[in-house]
Amino acid sequence: MRVPTAIGPGLTLSRQARQWLEVCPAVTSETVVANALYLQDAVPALTAAGYRDLRPGRGIFLVTTGPGGAPCPVLGRFTNGGYSGRRVREHVERLEPDLLSGRARLVVVHPDLTRLSYRHPRLQLLHVPPRWSS
């Protein structure tokens, strides 16, 4: 099923296909599809920064192997201008014990780093402009 997004149509399972596969029958929203496409576009920036072996995670989290060999959660969204500093801080605080014990970093892919003032030693910000912006 085609889902219109800010960057053009994305593909997702229809309600009937989701029921047939015995997964939640709710159709994925255009926001979820667009943010997933944005994270897909971020793969070259993640690779250039030394992150590799990208794997799917829960929700829109992805897990990658960082430059130090530790698994690193990746968070990215372009809708609403990306994640707010407050939201990023909440994620860092929730993940901090895991980040410190495993020499990992929380990697945040963001469309506009000037809007994100929160900083932390275990946080790496990567600027990835959406491909549809001029």
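Quick summary incoming for the structure in this document. (Residues numbered from 1 in each chain as written. Predicted model: local features only at pLDDT ≥ 70, side-chain atom pairs only at ≥ 80, totals over all residues. Heavy atoms only, no water.)

**Here we look at the overall build of the protein chain**
Phase 1: Summing up its helical and strand segments, the protein chain has four helices and seven strands in all.
Phase 2: Along the protein chain, from the amino end to the carboxyl end, the secondary structure elements read β-β-α-α-α-β-β-β-α-β-β.
Phase 3: Among the 134 residues that make up the protein chain, the fraction classed as buried is 37%.
Phase 4: Considering only intrachain contacts with a sequence separation of at least 6, the fraction spanning at least 24 residues in the protein chain is 46%. (Helix = DSSP H or I, 4+ residues; strand = E, 2+ residues; numbered from the N terminus. Buried < 20%, exposed > 50% of the residue type's maximum accessible area, 1.4 Å probe, protein only. Contact = heavy atoms within 4.5 Å.)

**Notes on the packing of aromatic side chains**
Phase 1: Inspection of every chain in the model, using the stated rule, returns one aromatic pair.
Phase 2: Here the aromatic rings of Y38 and F78 are separated by 6.0 Å at their centres, their planes lie at 50°, and the arrangement is tilted. Pair noted here: Y38 is in helix α2 (residues 30-41) and F78 is in the loop between β5 (71-76) and α4 (85-101), with a separation of 40 residues, a long-range link. Here the two residues Y38 and F78 agree in accessibility, since each one is buried.
Phase 3: Sitting over the face of the ring of Y83, R77 holds its NZ or CZ atom 4.3 Å from the ring centroid. (Phe/Tyr/Trp six-rings, centres within 6.5 Å; stacked < 30°, edge-to-face > 60°. Lys NZ or Arg CZ within 6 Å of the ring centre and 35° of its normal.)

**Focus: the pattern of salt bridges**
Phase 1: A complete count under the given rule lists four salt bridges for this structure.
Phase 2: Salt-bridge contacts for E90 lead to R86; the nearest nitrogen and oxygen are separated by 2.6 Å. With a gap of four residues between them, E90 and R86 both fall in helix α4, about one helical turn apart.
Phase 3: Notably, a salt bridge pairs E93 with R89, separated by 3.9 Å at the nearest N-O pair. Here R89 and E93 lie together in helix α4, a separation of four residues that amounts to about one turn. (Salt bridge = Lys/Arg side-chain N within 4 Å of Asp/Glu carboxyl O.)

**Brief notes about the pairing of strand β4 (residues 62-65)**
Both faces of the sheet carry side chains from a regular strand, because those side chains alternate between them.
Phase 1: Relative to β5, β4 is paired through four bridges, and the arrangement is antiparallel. Pairing of V63 across the sheet is with P73, part of β5.
Phase 2: Hairpin connection from β4 to β5: five residues lie between these consecutive antiparallel strands, with G69 at a positive phi of about 90°. (Pairing = 2+ DSSP bridges.)

**Concerning α2**
Phase 1: With twelve residues, α2 should reach 16 Å at 1.5 Å per residue; the first-to-last C-alpha distance of 16 Å fits that figure.
Phase 2: Of all the residues in α2, the buried ones are V33, A34, N35, L37, Y38 and L39. (Expected span 1.5 Å × (residues − 1).)

**Things to note about the side chain of T64**
Phase 1: Within the secondary structure, T64 is located in strand β4.
Phase 2: Once residues within four sequence positions are removed from consideration, T64 is found in contact with Y51, R52, D53, L54, A70, P71, C72 and V74.

**Section: the side chain of H91**
Phase 1: For H91, the position within the fold is in helix α4.
Phase 2: At 3.1 Å, the side chain of H91 and the side chain of R94 are in polar contact. (Polar contact = N/O pair within 3.5 Å; in protein donor to acceptor, adjacent residues only side chain to side chain.)

**So, α4**
The periodicity of an α-helix, 3.6 residues per turn, causes residues three or four positions apart to be oriented the same way.
Phase 1: Between its terminal C-alpha atoms α4 stretches 23 Å, which fits the 24 Å expected from 17 residues at 1.5 Å a residue.
Phase 2: The largest bend in α4 amounts to roughly 60° and is located at L95, with the proline P97 lying one to four residues further along.
Phase 3: Those residues of α4 not exposed but buried are G85, V88, H91, V92, L95 and L99.
Phase 4: Those residues of α4 that are buried lie in contact with β5, β6 (106-110) and β7 (123-127).
Phase 5: Among the residues trailing α4, R103 stands out with phi positive, at a value near 55°. (Bend = angle between axes of the 7 residues up to and from the residue.)

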